[in-house]
Amino acid sequence: MPVEIYLNVAAGGLLTGLVYGLMALGLSVIFGVVRVVNFAHGEMMTLAMYLALLLFTTLGLDPLVALVPIAAALLVFGYLLQIGLINPFINRPEHSQFMLLVAVALILVNAQLIVFGPDAQGIRTRYSFDSFQLGPLIVDAAKVYAAAAALVVAAALFAFFRYTLLGKAIRACADNYHGALVVGLNVKHLYALTFGLGAACVGAAGAMLMAVIDVTPSIGPAYTLLAFVIVITGGLGSMPGALLGGVLIGLTEALGGVLFTPSAKSMFAFALLVLVLLFRPQGILGRKAA
Amino acid sequence: MIGRLTEGVPRRALVLLAALFLLLLVFPAFAGGYLLAVGFLILYFAFVGQAWNIMMGFAGQLSLGHSLYVGLGAYAAAALYVHFGVSPWIGLGASIGISMLAGAAIGFLAFRFGVAGVYFAILTIAFAEFARIGFDHFRWVQGSSGFFLPVANYTTNDLWNLRGSPTMFYYLMLALTAGAFVLCHALLRSRLGYYWLAIRESPEAAEALGVNLFRYKMAAVVISSAMTALAGVMFAFYYNNLFPEQIFHISRSIELILGPIIGGIGTLVGPIVGAFLLTGLAEGLREVMLRLGIDVPGVKQVFYGICLLLVVMFLPDGVWPPIAKKLGLRR
C-alpha cells in the first residue's frame, strides 16, 4: 500500500483521537477531583449522541451547534447524579462506588435500548461528504470540525480550572479534601459541579461524534472502556494526559484497523493499555501515586 | 472430616441447609421444562457467583472480567469435543488448565507490578475484551459466526459425553454448586482463608505480619478461574452454542457478579441467595411482561440495574447478613 494511505488514516485517527480525548477528559476530571471512577461514562456519551440525533431530526440543529445545549443538559444531569447518588458514597469503599456506577450504567444503557431501539442511527449533515485536501492528505471535513470543537472545549476547561475562582476552589478540593472543608468550601456542591463538568465534556464529545459515527445503545459500554483505556494510558487525573491518550488511542486504532482487520482494531487499544499498566501504571503524564 | 467441616456451625444452619438441598433434589420431580431451565440457571449463577466470591469476597480483588474464564472453559472443552470427540470430562482438564493459566497470567502481571483496586478491575475487563475480539477472529472455533455443538438427543442421557436431558444438567449443576459451597466453607476455615481475609481487610497489615500477598492473591485468582472454567464447560454443553460476542461480553461478567453482591459479598450463602432472588425475580418479571404482551429488550437489565442500585445504596453488605441475623444463624 502506498504511504499516503497510512498518512490519511493516521490523520483521521488523530482527529477522532482528539474527540476521544475530550470524552476521556471528562472521566479524568471526575476521577481527579471526586476520586470516583465513572463507569457510566460511555453510556452518558450515547445519551448525548441520542440528544444530538433528536435535535437534528426534529429541529434540524447541526450537531456542532447542538453541543452547547447538550453539554448544558449533561452538566445538569451530572450535577444531580452526584448530589443524589454519589455524594452519599464518598466515604464508602472503592468497590462500592464502582458498583453504584455499574448500576447506573446498566440502567442508562438499557433505558436507551428501550427508548431508541437497537438499530444504528446516524445523521447526514451538509458537510458529511466534504473533505479537505492538504498536499497528499485528504481528511473528512466533519472530523476536522469535530476535532477543532474538541480543542476549543478542552481549552475552555483548562482556562476554567486555571484562572477562575471556582476552578481554583475545585482544585483545592482535589488537592486536600479535609483542607477544603476546613477553609469553608462547600465540597459537596463543588464535587457535584465537577461531575457535571465531566458530564458536559462527554456530552460535547458525544454531540461531535454524532457528526462522524452512527449511534446504537450497545456502543456505550465499549466507549466506557475506551475512555478508561485512554485515561489510564495518559494518566488518570491528568488533563493533558487525557488528550494525549485520546490521540494515541485514536492513532493506534486507526493504524491497527488498516494493518490488520478493522473489526480487531480495539485489540490494539487493549494491548496498549496492558503495556502501560505494566510499565507505567500511573500513565504517561500521570504523577506517581504516593 | 465431616465432623471438622460442621464444627462450630449452628445446628439450625445445618438443618436449613439440608432442607434446602433436599428441596433442590426433589425439585425436578415437580418442575416442568421451563421451571427446570430456571432452576439450572439459578444453580449456574450460584456456582459462578461462589467462584467470583473467592476473589472479591474472600481476597478482596475485584474482577470484572470473569466472563473470560467462562468463555475459555466453554470453548476449550467444546472445541476438543467437536474436533476430536474428546469427552468433556477429559476436556474440562484443558478448560481448567487454560483458565488457570489465563488467571495466573493476569494475576502475575497485576500483582507483580502493583496494579490494584479499580486498575485491577479494568485490567480484568481489558483481558476479557481482548479475548472477545480475539475469538471473533479465531477460525478454528468459527470466529464470530458462532461455534455449535451437535444437538443432544433428549431421550437418552449420555453422561460421559454430557449429551442429555435438562434434568441431567440440573443435577450436575446442583452437585457442582453444593461442592463449591462445601469447598468455600473449607477454604474459609483453612489457613489460606484466614490469609485472604487478612489481605482483604488490610493488605499492609497482612504483609507486615508476614503474609505473602503475591502468593495468596495468586491462589485466589487461580482457584476462582478454575471453578469458573467448570461453569463454562457446563454452559457450553447445556446451551450447545457459543458466540464470542455473548460469552465474553462485559455484560456477562457483570451479570455473574450481581448474585453475590446482592446476596452478600464474602458470605457463603450470599451467592446462592442472590442467584435465587435475581434469576427468580427476573424470570417472574419476564413472565409478567409476556402476559401483558410487552416485548421490549432491555427491561430485564434495567431491572438488574435497579436491584443493584438499591442493594448497594441501602444494603451494602447484601441481603443475606440481615436475614442470617433474623434466623439466629449469626451473633
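Residues numbered from 1 in each chain as written. Chains lettered and ligands numbered in written order. Predicted model: local features only at pLDDT ≥ 70, side-chain atom pairs only at ≥ 80, totals over all residues.

1. A look at the overall build of chain B
Move 1: Helix and strand content of chain B: 15 helices and two strands.
Move 2: Over its C-alpha atoms chain B spans a radius of gyration of 20 Å, differing by no more than 12% from the 20 Å that the globule rule assigns to 331 residues.
Move 3: In terms of principal-axis extent, the alpha carbons of chain B reach across some 55 × 45 × 45 Å.
Move 4: In chain B, which comprises 331 residues, the proportion classed as buried is 47%.
Move 5: Taking contacts inside chain B between residues at least 6 apart in sequence as the whole, the part at least 24 apart equals 75%. (Helix = DSSP H or I, 4+ residues; strand = E, 2+ residues; numbered from the N terminus. Rg over C-alpha atoms; globule rule 2.2 N^0.38 Å. Buried ≥ 20, exposed ≤ 12 C-beta atoms within 10 Å, placed from the backbone. Contact = placed C-beta atoms within 7 Å.)

2. Regarding the overall build of chain A
Move 1: When its secondary structure is counted, chain A shows 11 helices and two strands.
Move 2: Starting at the N terminus, the α and β elements of chain A follow one another as α-α-α-α-β-β-α-α-α-α-α-α-α.
Move 3: What you see for chain A is a C-alpha radius of gyration of 19 Å, in line with the 19 Å of a compact globule of 290 residues.
Move 4: Here the C-alpha coordinates of chain A stretch approximately 60 × 45 × 35 Å along the principal axes.
Move 5: The buried share of chain A, reckoned over its 290 residues, is 55%.

3. Some details on the interface of chain A and chain B
Move 1: The interface of chain A with chain B comprises 31 residues on the first partner and 35 residues on the second.
Move 2: Looking at the side of chain A that touches chain B, the elements with two or more residues in it are helix H4 (94-116), helix H9 (219-234) and helix H11 (265-279) of chain A.
Move 3: At 14 residues, the largest contribution of residues to the side of chain A that touches chain B is made by H4 of chain A.
Move 4: When its residues are assigned to classes, the side of chain A that touches chain B shows 24 nonpolar, six polar and one charged. (Nonpolar A, V, L, I, M, F, W, Y, C, P; charged D, E, K, R; others polar.)

4. Some thoughts on unusual backbone geometry
Among all residues save glycine, negative phi is the norm, and among peptide bonds the norm is trans.
Move 1: Positive phi, close to 65°, is recorded for Arg35 of chain A, a residue that is not glycine.
Move 2: For Asn240 of chain B, which is not a glycine, the phi torsion comes out positive at approximately 65°.
Move 3: Relative to the helices and strands, Asn240 of chain B resides in the loop between helix H10 (213-239) and strand S2 (241-242).
Move 4: What makes Asn240 of chain B partly exposed here is the crowd of 15 C-beta atoms within 10 Å.

5. Comments concerning the pairing of strand S2 (residues 137-140) of chain A
All names here are of chain A.
Move 1: Direction of pairing for strand S1 (residues 131-134) relative to S2: antiparallel, over a ladder of four bridges. Within the sheet, the bridge partner assigned to Phe132 lies in S2 and is Val139.
Move 2: Joining the antiparallel neighbours S1 and S2 is a turn of two residues, in which Gly135 adopts a positive phi near 60°. (Pairing = 2+ DSSP bridges.)

6. Comments concerning the confidence of the model for chain A
Move 1: On average, residues of chain A score 88 in pLDDT, and 98% of them are at 70 or above.
Move 2: Considering each helix and strand of chain A separately, the mean pLDDT is smallest for S1 of chain A, with a value of 80, and largest for helix H2 (residues 41-59) of chain A, with 94. (pLDDT = per-residue confidence, 0-100.)

7. Observations concerning the packing of helix H3 (residues 33-58) of chain B against helix H13 (residues 270-292) of chain B
All names here are of chain B.
Move 1: Here H3 crosses H13 at 140°, and the two axes come no closer than 8 Å. As the angle between them shows, H3 and H13 are arranged oblique. For H3 against H13, the interelement crossing comes out right-handed. Taken together, the residues of H13 that come into contact with H3 (itself represented by Val38, Leu41, Ile42, Phe45, Ala46, Gly49, Gln50 and Asn53) are Pro271, Ile272, Gly274, Ala275, Phe276, Thr279, Gly280 and Glu283.
Move 2: Residues that form the contact of H3 with H13 fall into these classes: nine nonpolar, six polar and one charged. (Axes fitted to C-alpha atoms, helices over the stretch in contact; angles between N-to-C directions. Parallel < 35°, antiparallel > 145°, perpendicular 65-115°, else oblique. Left-handed = near helix turned anticlockwise from the far one by under 90°.)

8. Quick word on helix H2 (residues 11-30) of chain B
Move 1: Relative to the 28 Å expected for 20 residues at 1.5 Å per residue, H2 of chain B spans 29 Å between its end C-alpha atoms, a close match to the ideal helical length.
Move 2: Little of H2 of chain B is tucked away, with zero of its 20 residues classed as buried. (Expected span 1.5 Å × (residues − 1).)

9. A word on H9 of chain A
All names here are of chain A.
Move 1: Over its 16 residues, H9 extends 22 Å from the first C-alpha to the last, a length consistent with the 22 Å expected when each residue adds 1.5 Å.
Move 2: Judged by how many residues are buried, H9 sits mostly within the fold: 15 of 16 residues are covered.
Move 3: Phi for Gly235, located one or two positions after H9, is positive at around 120°.

10. A look at the packing of helix H10 (residues 239-259) of chain A against H11 of chain A
Residue and element names in this part refer to chain A.
Move 1: Interhelical geometry of H10 versus H11 gives an angle of 135° and a closest axis separation of 7 Å. Between H10 and H11, the angle is such that the two are oblique. Crossing of H10 over H11 shows right-handed handedness. Along its contact with H10, which presents Ile249, Thr252, Glu253, Gly256 and Gly257, the element H11 presents Lys265, Ser266, Phe268, Ala269 and Leu272.
Move 2: A per-class count over the contact of H10 with H11 returns four nonpolar, four polar and two charged.

11. Here we look at the environment of Ala236 of chain B
Move 1: Within the fold, Ala236 of chain B resides in helix H10.
Move 2: Under the C-beta neighbour-count criterion, Ala236 of chain B is labelled buried, with 29 such atoms within 10 Å.

12. With respect to the nonpolar core
Move 1: Within the largest apolar cluster, 217 residues are counted, with the highest numbers of intra-cluster contacts made by Cys201 and Met208 of chain A together with Leu308 of chain B.
Move 2: With residues near it in sequence (within four places) discarded, Leu308 of chain B still touches Met99, Val102, Ala103 and Leu106 of chain A together with Leu258, Ile261 and Ile262 of chain B. (Core = buried A, V, L, I, M, F, W, Y, C linked by C-beta atoms within 7 Å.)

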